[in-house]
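Report on the structure
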Amino acid sequence: QVQLVESGGGLVQAGGSLRLSCAASGRTFSLYDMGWFRQAPGKQRELVSAINYNGGSTVYADTVKGRFTISRDNTKSTVYLQMNSLKPEDTAVYYCAAYYNGGYYVSPKATYDYWGQGTQVTVSS
């Protein structure tokens, strides 16, 4: 089992920045690929970004490319999502998730095994 706890959400004005963190415990963090998802009211959950086990492979949704950066620190068992130039349409509950890949490149279509409880991000216009 892997337990995931997100933090860092909040209320920010458009154009501002937030950094989300996801702390993992349980099994060896460095074995897992990690993803950030979000779900806005009335919308389906979508993948925002994902990173492979050692940080060498990342993917981003087109809507966040150039604004968001995913990273991880395996010594701290933590994955981050730096969000810059935030827009009202970024408002959502953000979730981190983990899955065991077994390969090198992170897949944007992976099925995730473990999920955090989510953290709310609200961007005001």
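Figured I'd write up the structure that's included with this text. (Residues numbered from 1 in each chain as written. Predicted model: local features only at pLDDT ≥ 70, side-chain atom pairs only at ≥ 80, totals over all residues. Heavy atoms only, no water.)

**Describing the state of the cysteines**
For clarity, the threshold we go by: When two cysteine sulfur atoms are found within 2.5 Å, that pair is recorded as a disulfide. Secondary structure elements follow DSSP: runs of H or I no shorter than four residues count as helices, runs of E no shorter than two count as strands, and numbering proceeds from the N terminus.
Summed over all chains, the structure comprises one disulfide. Each sulfur of the disulfide joining C22 and C96 lies 1.9 Å from the other. An S-S torsion of about 45° defines the bridge between C22 and C96 as right-handed. A residue pair is termed long-range when its members are at least 10 positions apart, and C22 in strand β3 (residues 18–26) and C96 in strand β9 (residues 92–100) qualify at 74 residues.

**Observations concerning the side chain of T78**
For clarity, the threshold we go by: Accessible area is worked out with a 1.4 Å probe on protein chains only. A residue is then buried under 20% of its type maximum, exposed over 50%, and partly exposed in between. Polar contact is defined as a pair of N or O atoms within 3.5 Å, subject to the rule that within protein one atom must be able to donate a hydrogen and the other to accept it, and that residues adjacent in sequence are counted only when both atoms are side-chain atoms. Two residues form a contact once any of their heavy atoms are found within 4.5 Å.
Take T78: it is sitting in strand β8 (residues 78–83). Judged by its relative accessible area of 9%, T78 falls in the buried class. A distance of 2.8 Å separates a polar atom in the side chain of T78 from the backbone oxygen of K76. Each residue touching T78, except ones within four places of it in the same chain, is listed here: S21, C22, A23, F29, R72 and D73.

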